[in-house]
Amino acid sequence: MAFYPTRAISKQNGILKLSNGLVFDIQKGELFFGRDVRAIKQFIVAQTQKSGEIVLHAQNYNPNGEYSIIYMQSYGQFVVMDNQTLHSMYVQMFILGKYDKDLFELVVSSPYSRIYKLKR
C-alpha cells in the first residue's frame, strides 16, 4: 500500500516538486521517487464546495500507470497513492465523496469531515 500525503514546494516548466521529495512531471505523467520513475494513471483534482459537495476533475495519463495523484484543492494538499489504495472505500468515500447510496447515507459533509450512516 502506498499513501503519501504531501504539499507542493514549487512548480516550474511543468515539473511539480513535492515536500516529501517526490517530483511529478505534469506533461509526461511521470512520478520520480529519487531516480526511480513510475507512470501515473491519473491526476484528480477534488474541490470541496461550501455546500460540502466534492467536485472532481480528472486527467488520465497512462492506463497501465501504477500510481494516481489526488490534489485536494480546498486544502492545498496532494496525496500520491497506488491504484489499489485509490479504489479503497476510505479514499472513495472520504476524499472523493463517492459511495453506494443504496448502502450508505451521507449525514454530515463539510470541508472538515464526512460522516456516513449505514442503511439497514
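Before reading further, recall that the structure is shown in the block above.
Residues numbered from 1 in each chain as written. Predicted model: local features only at pLDDT ≥ 70, side-chain atom pairs only at ≥ 80, totals over all residues. Heavy atoms only, no water.

Draft legend 1. Summary view of the side chain of Ser68. Mapped onto the fold, Ser68 is located in strand E8 (residues 67-72). Those residues in contact with Ser68 that sit more than four places away from it in its chain are Lys41, Gln42, Val79, Val80, Met81, Asn83 and Leu86. (Helix = DSSP H or I, 4+ residues; strand = E, 2+ residues; numbered from the N terminus. Contact = heavy atoms within 4.5 Å.)

Draft legend 2. Quick look at unusual backbone geometry. We note that Asn13 has phi near 55 degrees; this positive angle belongs to a residue other than glycine. On the secondary structure map, Asn13 appears in the loop between strand E2 (8-12) and strand E3 (15-18). A relative accessible area of 68% places Asn13 in the exposed class. (Buried < 20%, exposed > 50% of the residue type's maximum accessible area, 1.4 Å probe, protein only.)

Draft legend 3. Broad picture of the packing of aromatic side chains. Counted under the stated rule, the structure contains 11 aromatic pairs. Taking the centre distance of 6.5 Å and the plane angle of 65 degrees together, the rings of Phe3 and Tyr90 count as edge-to-face. Highlighted residues: Phe3 in strand E1 (residues 3-6) and Tyr90 in helix H2 (residues 89-95), separated in sequence by 87 residues. We classify Phe3 as partly exposed; its relative accessible area is 28%. The structure contains a cluster of three or more aromatic residues connected by ring pairs, namely Phe3, Tyr90, Phe94, Tyr99, Phe104 and Tyr116. (Phe/Tyr/Trp six-rings, centres within 6.5 Å; stacked < 30°, edge-to-face > 60°.)

Draft legend 4. Expanded view of a nonpolar patch on the surface. A grouping of Val107, Val108 and Ile115 is seen on the molecular surface, where their side chains present a nonpolar patch of about 220 Å² in accessible area. By the element assignment, Val108 lies in strand E10 (residues 104-109). (Patch = residues over 30% accessible without salt bridge, like charges linked within 9 Å, V, L, I, M, F, W, Y side chains within 5 Å. Areas by Shrake-Rupley, 256 points an atom, 1.4 Å probe, with all protein chains shown as cover. Salt bridge = Lys/Arg side-chain N within 4 Å of Asp/Glu carboxyl O.)

Draft legend 5. The nonpolar core, seen in detail. Counting residues in hydrophobic clusters, the biggest one holds 14 residues, and the most contacted among them are Phe24, Leu31, Ile40, Phe43, Ile69 and Val80. Sorting the residues of this core by element identifies E3, strand E4 (22-25), strand E6 (36-48), E8 and strand E9 (77-82) as the ones contributing at least two each. Ranked by residue count, the leading element in this core is E6, at 3 residues. Contact partners of Ile40, with chain neighbours within four places excluded, come to Phe24, Gly29, Glu30, Leu31, Tyr61, Asn62, Gly65, Tyr67 and Ile69. (Core = buried A, V, L, I, M, F, W, Y, C linked by side-chain atoms within 4.5 Å.)

Shape descriptors only; they carry no functional weight alone.
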